[in-house]
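Each chain, letter by letter, is given below.
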There are 2 protein chains.
Amino acid sequence: MSRPSRSWICSPTVSSESRERAAVEDRAQRFLDDLRDWLAIPSIGADPEHHGEVARSALWLADELRRDGWPTVEVWSGDSQGGSYLPAVHACWPAADPEAPTVLVYGHHDVQPVDPLEAWEHAPFEPTVVGEQLYGRGASDDKGQMLMHLLGMQAHLAATGADAPAVTVKLLVEGEEESGSPHIAALLADHTDDLACDAIVVTDTGMFSRDTPSMCTGMRGMADAEVVFRGADMDLHSGQFGGAVPNPVTELARMLAALHDDDGRVAIPGFYDDVREPAAAERAAFARLPFDGKAWLSGPAGGSRALHGEAGWSTVERLWVRPTAEVNGISGGYAGPGHKTIVPAEAVAKVSFRLVPDQQPVPVQRAFAEFVAAHTPEGIHAEVHFTGSGVSPCASDVDHPVTESVRQALQAALGTEVLYSREGGSGPEAAIAEALGAPLAFLGVGLPDDRIHAPNEKVELPLLHRGAEAAALLWRLLGERRDELKPGP
Amino acid sequence: MSRPSRSWICSPTVSSESRERAAVEDRAQRFLDDLRDWLAIPSIGADPEHHGEVARSALWLADELRRDGWPTVEVWSGDSQGGSYLPAVHACWPAADPEAPTVLVYGHHDVQPVDPLEAWEHAPFEPTVVGEQLYGRGASDDKGQMLMHLLGMQAHLAATGADAPAVTVKLLVEGEEESGSPHIAALLADHTDDLACDAIVVTDTGMFSRDTPSMCTGMRGMADAEVVFRGADMDLHSGQFGGAVPNPVTELARMLAALHDDDGRVAIPGFYDDVREPAAAERAAFARLPFDGKAWLSGPAGGSRALHGEAGWSTVERLWVRPTAEVNGISGGYAGPGHKTIVPAEAVAKVSFRLVPDQQPVPVQRAFAEFVAAHTPEGIHAEVHFTGSGVSPCASDVDHPVTESVRQALQAALGTEVLYSREGGSGPEAAIAEALGAPLAFLGVGLPDDRIHAPNEKVELPLLHRGAEAAALLWRLLGERRDELKPGP
């Protein structure tokens, strides 16, 4: 896979003074007005009292799509088994040519809760422009980036002068992403034909920084587990019994201590067997990112005191392309004020794993259960519980024509080289790609300081404009590379 | 210290058909009536609403002592600094000979709480006789055994026909033992002269079993500590940060895992430096105790699943003569239902150490703090807190004339050999011995199934009678060995 780093110079068919840019700029004021309307709807999916607002948000988007001329617009809120979910919006704008490839854009319109409310400088649902920044819950994650695609389609049509896009463009804007997309499998199963596509463009991610734009090339998966170590049936007096019976907290600590070796590697046998190392081009691009460890520790990493992790990998690699085992919580015995001199009856640890391609959650859970069994001493009864079947990791093939085209489009729109980055978190993307059998690429223009999930969320309006331009260019580029996307029979 | 095991055959001066026994039996009915009266007073020291009852219990005992003819009876409830404490009862009955040695009997009249009340077969403060057992809170711990000494003194005087005991006998019956004797140091400092003695007889312990009586020869001490490991200033998202910053729970687990080596020994450097191994005679006697590990696990040890502990020592030795490090509680991160995928900001462990002679709590705490520092990795801020200066361990010298005499008296009263045992728990005994500069011996007739601190506490009335007889014999034996107890000038 080693070959010279590709130049960021744009394809001959796009330039930084594109018709797409002019079309975006013509529509910038309407775009802002529309986005403010949408952001004013408090579509907080986590709060049942706001579920009416999530529905209103879906209907607002459906109306907007129809006003823009999208031929097919639907709102989905139930599955074929009779279950209901928070409304998702689907739209489709077919290419004139029925043989053109189809691209599905995925994102969401539900937003995170807003606590603590007093920490917001502007009310979260009263969108406010300050300079080039638009403040409001959902501005970056993900309403701003979703509406960017509507603007992109308008710009694409205006720039090409056509009535239909160069490729068939579908949208899936779900309403449960911030709740962990609990119904995505049912939605995908019910709408496989509606969502059928040749590639998926995910727009729910960010770039490395304003000055060093990057394109996301993957997300980590996740598996979780809860381990219970039991000793006696009750807490025992540590004077009368201490030293002669096993202590479940001590034994759990010994198991957790064994979970990593001295090089910071996860010590579960077979844990790394399915790990695929990133492409050389990706690692080379990661190495060129101007990551400032000290600033990261005191800033985003909340006052963490030192970098830490698996030997042989940089911090961004540890976060993006290496799997982890983290203890998310532990409890056992007496944790109140003062002391209670007991040998606790039980201890519980919550552990989660972040996974990278091609690890899968269920085999990792199984390997962990075996690891726990191997580290359960005589006298301890161990149980391992899993709350679900986890989330699979996903990654783009950086040599795939769609990935290459997204990067080209972003480079043209931003006027600079776009490096690679990834997301350390987890989402439904792998499930969507697997259900639809299509490759993934990421087109996202969020920034690390957009404060998504936190008070004072904002988005950079110029980046939404550049993102819309990139989307418009992308449809043109993909139309030009249609033969690479739709392999012949 | 190795010499042939001493025969249990009684000293020539005491016999199993003693006058003491007859005197005890004459007074058995009155003793039962009195004990029921005292047990009806709910002197629960832990509950402020019952502090009036603790005072009533002290006054009841003082009246009883006066009725029995003790020349000096006082109730103490405040120190010279103006502080107050739950009332302690002091009494003194001087020997006729002012040169006779003085023995202080220590015990307590406060009792444990009674929750869960519904688990009691008889109301805890309505003392009930069933066969040879008397049920009620405090029956064994410690009112029954304290009143046993009043009966013992009556029997001693009746058996010897004297107006005064053969040795000066003092009592200290405190009211805060079940609360950890928080004011014992002040009480001892204020009353050093009142309590001055040549030996201390502690009556607040038990025997190995009904069929295998034993004499306690020591108690473990205690030191406690709380360890806080801090990472970032806040919980961090395990996707965005996991794998690149230290996890305080994982690091705390690694420290706790290092606390014991694979042989179950505490791995703190220097931890065992001051440990004095028990006398060969004690170890030999321990080895003769018919300890049934399986029955102990399923019974007293609350369904513990396996014996465990320091290699090279038996279970009773692990409990009595070996020090321990136990994690009493741990907490960190998210411990509620489901999962929260975080790198926790901090983790806390409560640790306590049981100590054996000649370990002292403060040096152990200091060594632990150094151990924690040595096991704190870069990126973790560690704090170690101590809630107090701990409790010192104590042990009897089994060759001391008082210890020998207690054993002889018990053997005569019980008509069988008395082996050695110890208590794994901790109490104020070492502090009392140190403050008064006197050796300790233990005269206790509780049984492991007396359910002290639990519902349905009971005492075996015949054992209280034998204990009273042993006390009566003890004063006679010590009078005979007075020259060994009061070394000349």
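Residues numbered from 1 in each chain as written. Chains lettered and ligands numbered in written order. Predicted model: local features only at pLDDT ≥ 70, side-chain atom pairs only at ≥ 80, totals over all residues. Heavy atoms only, no water.

> Please provide a residue-by-residue account of the overall build of chain A, values included.
The helix and strand inventory of chain A stands at 15 helices and 18 strands. Since a compact globule built from 489 residues should have a radius of gyration of about 23 Å, the 25 Å found for chain A is in line with a globular shape. Across its three principal axes, chain A shows a C-alpha extent of roughly 85 × 55 × 45 Å. Here chain A, with 489 residues, has 60% of them falling under the buried criterion. Summing over all exposed atoms, chain A offers an accessible surface of approximately 18200 Å²; the carbon and sulfur share of this is 50%. (Helix = DSSP H or I, 4+ residues; strand = E, 2+ residues; numbered from the N terminus. Rg over C-alpha atoms; globule rule 2.2 N^0.38 Å. Buried < 20%, exposed > 50% of the residue type's maximum accessible area, 1.4 Å probe, protein only. Areas by Shrake-Rupley, 256 points an atom, 1.4 Å probe, with all protein chains shown as cover.)

> Talk me through the pairing of strand E11 (residues 324–333) of chain A; I want residue IDs and the actual numbers.
Residues and elements named next belong to chain A. Within E11, eight of the ten residues are buried, which leaves the element mostly enclosed by the surrounding structure. The pairing of E11 with strand E13 (residues 346–355) spans eight bridges and is antiparallel. Bridging from a neighbouring strand, Ala-325 pairs with Phe-353 of E13. (Pairing = 2+ DSSP bridges.)

> How would you sum up the interface of chain B and chain A? Please name residues and give values.
Between chain B and chain A, the contact holds 79 residues from the first and 79 residues from the second. The junction of chain B with chain A conceals about 5900 Å² of combined surface from both sides, 55% of it contributed by carbon and sulfur atoms. Inspection of the chain B/chain A interface yields two salt bridges. Put simply, Asp-262 of chain A and Arg-254 of chain B hold a salt bridge, and the shortest N to O gap is 3.0 Å. Summed over the shared surface of chain B and chain A, the result is 37 residue pairs in polar contact (both at pLDDT 80 or more). Those elements giving two or more residues to the side of chain B that touches chain A turn out to be strand E9 (221–230), strand E10 (236–237), helix H7 (248–257), helix H9 (293–298), helix H10 (315–320), strand E11 (324–333), strand E12 (342–343) and strand E13 (346–355) of chain B. Grouping the amino acids of the side of chain B that touches chain A by side-chain chemistry returns 30 nonpolar, 32 polar and 17 charged. In this structure, E11 of chain A lies alongside E11 of chain B, joined through five bridges in antiparallel fashion. (Contact = heavy atoms within 4.5 Å. Buried area = accessible area lost by both parts, 1.4 Å probe. Salt bridge = Lys/Arg side-chain N within 4 Å of Asp/Glu carboxyl O. Polar contact = N/O pair within 3.5 Å; in protein donor to acceptor, adjacent residues only side chain to side chain. Nonpolar A, V, L, I, M, F, W, Y, C, P; charged D, E, K, R; others polar.)

> Break down the sheet that holds E13 of chain A for me, with residues and values.
The sheet built from eight strands is open, its strands ordered E14(A)-E9(A)-E13(A)-E11(A)-E11(B)-E13(B)-E9(B)-E14(B) with antiparallel pairing. In this open sheet, the two edge strands, each paired with only one partner strand, are strand E14 (381–385) of chain A together with strand E14 (381–385) of chain B. Between one strand axis and the next, the sheet turns through 25° on average, direction left out of account. Of the pairings in the sheet, the one linking strand E9 (residues 221–230) of chain A to E13 of chain A comprises ten bridges and is antiparallel in character. Among the inter-strand pairings, Met-222 of chain A is bridged to a residue of E13 of chain A, identified as Arg-354 of chain A. Each of E9, E11 and E13 of chain A together with E11 of chain B touches helix H7 (residues 248–257) of chain A; the most contacted strand, E13 of chain A, lies at about 15° to it. (Axes fitted to C-alpha atoms, helices over the stretch in contact; angles between N-to-C directions.)

> Let's hear about empty space enclosed by the protein: which residues, and what values?
Residues and elements named next belong to chain B. Under the counting rule described, the total for this entry stands at one cavity of 30 Å³ or more. Taken as a whole, the largest cavity encloses approximately 30 Å³ of empty space. If you go around the largest cavity, the residues you meet are Tyr-85, Leu-86, Ala-88, Glu-174, Glu-176, His-183, Ile-184 and Leu-187. Every element with two or more residues in the lining of the largest cavity is listed here: strand E2 (84–93) and helix H5 (184–190). If one sorts the elements of the lining of the largest cavity by residue count, E2 sits on top with three residues. (1 Å grid on protein atoms, 1.4 Å probe; cavity = no way out; pocket = protein on both sides within 12 Å on 5 of 7 lines; lining within 4 Å. Points joined across faces, edges and corners; volume = space filled by probe spheres on them.)

> How would you summarise the relation of the copies chain B and chain A if you had to cite specific residues and measurements?
Note on the copies: chain B fits chain A at an RMSD of 0.1 Å, the axial shift is 0.1 Å, and the rotation between them is 180°. One copy is carried onto the other by what is essentially a two-fold rotation axis. A symmetric contact is evident, with 100% of the interface residues of chain B recurring at the interface of chain A. (Least-squares fit on C-alpha atoms with pLDDT ≥ 70 in both.)

> Requested: an account of the packing of helix H4 (residues 143–160) of chain A against helix H14 (residues 461–480) of chain A, with residues and values cited.
Residue and element names in this part refer to chain A. It is at 7 Å that the axes of H4 and H14 come closest, and there the two elements cross at 50°. Relative to H14, the element H4 lies oblique. Read as a crossing pair, H4 and H14 show a hand that is right-handed. Residue-level contacts link Gly-144, Gln-145, Met-148, His-149, Leu-151, Gly-152, Ala-155, His-156 and Thr-160 of H4 to Leu-464, Gly-467, Ala-468, Ala-471, Ala-472, Trp-475 and Arg-476 of H14. Each residue belonging to the contact of H4 with H14 can be placed in one class, and the counts come to eight nonpolar, seven polar and one charged. (Parallel < 35°, antiparallel > 145°, perpendicular 65-115°, else oblique. Left-handed = near helix turned anticlockwise from the far one by under 90°.)

> Outline the state of the cysteines, supporting the account with residue identities and numerical values.
Taken as a whole and assessed by the stated rule, the structure comprises zero disulfides over all chains. No disulfide involves Cys-394 of chain A; its sulfur sits 7.3 Å from the nearest other cysteine sulfur, which is in Cys-216 of chain A. (Disulfide = S-S within 2.5 Å.)

> Could you give me a rundown of the sheet that holds strand E4 (residues 128–130) of chain A, with the residues and numbers involved?
Residues and elements named next belong to chain A. A sheet is described by the order of its strands in space; here three strands give the open sequence E4-E5-E18, paired in antiparallel fashion. At either margin of the open sheet sits one strand with a lone partner, and together these are E4 and strand E18 (458–460). Strand-to-strand twist in this sheet, taken as the mean axis angle between neighbours without regard to direction, amounts to 25°. Of the strand pairs in this sheet, E4 and strand E5 (residues 133–135) are connected by three bridges, and their pairing is antiparallel. From the neighbouring strand, Val-130 faces E5, where its bridge partner is Gln-133. Each of E4 and E5 is contacted by helix H2 (residues 28–39), which is oriented at about 20° to E5, the strand it contacts most. Sitting on the sheet, H14 is in contact with E4, E5 and E18, with an inclination near 60° to E18.

> Before we move on, could you go through the packing of H2 of chain A against helix H3 (residues 51–68) of chain A and cite the residues and values that matter?
Residue and element names in this part refer to chain A. At a minimum axis separation of 10 Å, H2 and H3 run at an interaxial angle of 155°. On the basis of their axis angle, the class for H2 and H3 is roughly antiparallel. Along its contact with H2, which presents Arg-30, Asp-34, Asp-37 and Trp-38, the element H3 presents Ser-57, Trp-60, Leu-61, Glu-64, Arg-67 and Asp-68. Partitioned by chemical class, the residues of the contact of H2 with H3 number three nonpolar, one polar and six charged.

> Which residues make up the packing of aromatic side chains, and what values go with them?
Under the criterion given, the structure shown has 16 aromatic pairs over all chains. Aromatic pair Phe-271 of chain B and Phe-353 of chain B: ring centres 5.9 Å apart, planes at 50°, arrangement tilted. A residue pair is termed long-range when its members are at least 10 positions apart, and Phe-271 of chain B in the loop between H7 and helix H8 (280–288) and Phe-353 of chain B in strand E13 qualify at 82 residues. Of the residues examined, Phe-271 of chain B reaches a relative accessible area of 4% and is grouped as buried. Among the aromatic residues, ring-to-ring pairing joins Phe-271, Tyr-272, Phe-353 and Phe-368 of chain A into one connected group. It is Arg-265 of chain B that lies over the ring of Tyr-272 of chain B; its NZ or CZ is 4.1 Å from the centre. (Phe/Tyr/Trp six-rings, centres within 6.5 Å; stacked < 30°, edge-to-face > 60°. Lys NZ or Arg CZ within 6 Å of the ring centre and 35° of its normal.)

> Just give me the short version of unusual backbone geometry, but keep the residues and values in it.
Across residues other than glycine, the phi torsion is negative in most instances, and most of the peptide bonds are trans. Asp-142 of chain A follows Asp-141 of chain A through a cis peptide bond whose omega is 10°. If you trace the backbone, Asp-142 of chain A turns up in the loop between E5 and H4. Cis geometry marks the peptide bond from Asp-115 of chain B to Pro-116 of chain B, where omega comes out at -5°. Following the sequence through the fold, Pro-116 of chain B ends up in the loop between strand E3 (102–108) and strand E4 (128–130). The backbone phi angle of Ser-181 of chain A is positive, close to 45°, even though this residue is not glycine.

Geometry only, nothing functional implied.
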